[in-house]
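What follows is each chain in one-letter form.
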Amino acid sequence: LMRHADQAMYQAKQIGKNRFSVFDATLDAETTARHQHREQIHNALSLGQFVLHYQPKVNLRDGKVVGVEALVRWQHPEVGLLPPHDFLPSIHDHPLGMELGEWVLNQALCQIGEWRRSGLLIPVSVNISAQQLLHGNFNDMLSALLNRHPDIPHDQLELEILEKSTHQDARQVSEIMYQCLASGVEFSIDDFGSGNSSLSELKQLPARTLKIDQRLVSGMLDNADDLSIVSSIIGLATTFRRNVVAEGVETERHGARLLELGCSLAQGFCISAPMPATDLPA
């Protein structure tokens with residue numbers, strides 16, 4: 001009874017305080033399952049069960065690989081390879097999410113160094129959450145990671161932040177981005193076009209690259225509104241002197257249309273699925 005009352009009290013606090021909440025058995029079961037899942041994720045991180053796969057970004061005009069995006073996977077010993085949506089939601093806004101995020105950054109830097117020693121110099125982009133970026137010591141953590149890899153050019157690491165994440169505190173996000181840029185690290189805004197960024201925010205955020213939301217790219221051949229938004233984003237990137245990358249390129253027709261619109265950088269399953277690091281050099 002005390003545990004149930006305690007849960008109801010915290011629920012009331014989370015939705016704004018100065019109110020009451022009634023214990024919900026379904027919510028209790030979901031909370032218990034979430035705690036168990038987090039414990040499994042914590043153990044998986046300790047046991048080295050997470051891996052990074054890499055999806056190439058290419059220049060559609062000449063076919064050259066211009067970079068890769070690092071994507072985390074859970075190599076679960078019982079159910080096999082799990083994609084991010086099977087485990088990341090459980091650790092959203094949880095310290096474990098910060099811990100996994102730091103591991104991904106360090107692993108990406110290790111891989112950049114390994115490829116560089118084999119003669120392959122290729123930029124790697126890593127997704128970071130707003131929670132991770134706005135954490136008080138993010139820049140210190142990033143600097144410490146970069147110092148562990150003194151042989152790696154810092155501009156070979158790019159940090160991708162979701163467009164909608166930049167709205168939480170655009171001024172603070174911008175300040176942190178400038179601090180990281182001073183170290184030589186680059187930024188891109190991911191899923192651009194899915195949120196409601198204003199032109200003033202775009203001017204304020206020092207991101208070198210805009211990545212067009214894959215849902216817009218996927219629908220642009222059949223939906224005039226999606227096509228208009230994609231075309232507008234490409235125009236914005238040109239006006240603000242930013243690079244633009246189209247995500248979710250699924251067919252050659254999508255690639256050909258993007259070239260017509262003036263976007264030559266792309267990634268998607270038509271080009272290549274994410275792959276283990278050992279497969280990328282070929």
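Quantities reported herein were computed from a predicted structural model and do not represent experimental measurements.

### Focus: helix H5 (residues 138-148)
Turning to step 1, where the next piece is worked out: Along H5, the positions that sit buried rather than exposed are Phe138, Asn139, Met141, Leu142, Leu145 and Leu146. In a view along the axis of H5, the buried residues occupy a sector of 160 degrees, so they form one face of it. Those residues of H5 that are exposed and angled more than 90 degrees off the buried face are Asp140, Asn147 and Arg148.
Turning to step 2, where the next piece is worked out: Tucked inside the fold, the buried residues of H5 contact helix H3 (95-117), strand S4 (124-128), helix H4 (130-133), strand S5 (157-162) and helix H6 (170-181).

### Some remarks on the pattern of salt bridges
Turning to step 1, where the next piece is worked out: Here the structure, examined in full by the defined rule, presents ten salt bridges.
Turning to step 2, where the next piece is worked out: For the salt bridge of Glu158 with Lys57, the shortest nitrogen-to-oxygen distance reads 3.3 Å. On the criterion of sequence distance, the pair formed by Glu158 in strand S5 and Lys57 in strand S1 (residues 50-59) is long-range, its members being 101 residues apart. The exposure classification of Glu158 matches that of Lys57, with both residues buried.

### Side note on the packing of aromatic side chains
Turning to step 1, where the next piece is worked out: Evaluated as defined, the whole model comprises five aromatic pairs.
Turning to step 2, where the next piece is worked out: Following the ring pairs from residue to residue traces out a cluster consisting of Phe50, Trp74, Phe87 and Trp103.

### Focus on the side chain of His76
Turning to step 1, where the next piece is worked out: As for its position among the elements, His76 is in strand S2 (residues 65-76).
Turning to step 2, where the next piece is worked out: Residue His76 is classed as buried on the basis of its relative accessible area, which comes to 15%.
Turning to step 3, where the next piece is worked out: Here Glu78 takes part through its backbone nitrogen, which lies 3.0 Å from a polar atom of the side chain of His76.

### Focus: the pairing of strand S7 (residues 209-212)
Turning to step 1, where the next piece is worked out: Here S7 shows no split at all, with Thr209 and Lys211 on one side and Leu210 and Ile212 on the other all buried.
Turning to step 2, where the next piece is worked out: As paired elements, strand S6 (residues 186-192) and S7 share three bridges and run parallel to each other. In the sheet register, Phe192 faces S7, and the bridge partner there is Ile212.
Turning to step 3, where the next piece is worked out: Taken together, the four bridges between S7 and strand S8 (residues 243-246) define a ladder with parallel strand orientation. Within the sheet, the bridge partner assigned to Ile212 lies in S8 and is Ala246.

### A few points about the pairing of S1
Turning to step 1, where the next piece is worked out: Here S1 lies mainly inside the structure; nine of its ten residues are buried.
Turning to step 2, where the next piece is worked out: By the bridge criterion, nine bridges tie S1 to S2 in an arrangement that is antiparallel. Looking across to S2, one finds that Val51 is bridged to Arg73.
Turning to step 3, where the next piece is worked out: Sheet analysis places S1 next to strand S10 (residues 275-276), joined by two bridges and oriented antiparallel. For His53, the partnering residue across the bridge sits in S10 and is Pro276.
Turning to step 4, where the next piece is worked out: Across two bridges, S1 lies against strand S9 (residues 265-266) in antiparallel orientation. Across the sheet, the residue bridging to Asn59 is Leu265, located in S9.

The rules behind these values
Residues numbered from 1 in each chain as written. Predicted model: local features only at pLDDT ≥ 70, side-chain atom pairs only at ≥ 80, totals over all residues. Heavy atoms only, no water. Buried < 20%, exposed > 50% of the residue type's maximum accessible area, 1.4 Å probe, protein only. Helix = DSSP H or I, 4+ residues; strand = E, 2+ residues; numbered from the N terminus. Arc of directions from axis to C-beta. Contact = heavy atoms within 4.5 Å. Salt bridge = Lys/Arg side-chain N within 4 Å of Asp/Glu carboxyl O. Phe/Tyr/Trp six-rings, centres within 6.5 Å; stacked < 30°, edge-to-face > 60°. Polar contact = N/O pair within 3.5 Å; in protein donor to acceptor, adjacent residues only side chain to side chain. Pairing = 2+ DSSP bridges.

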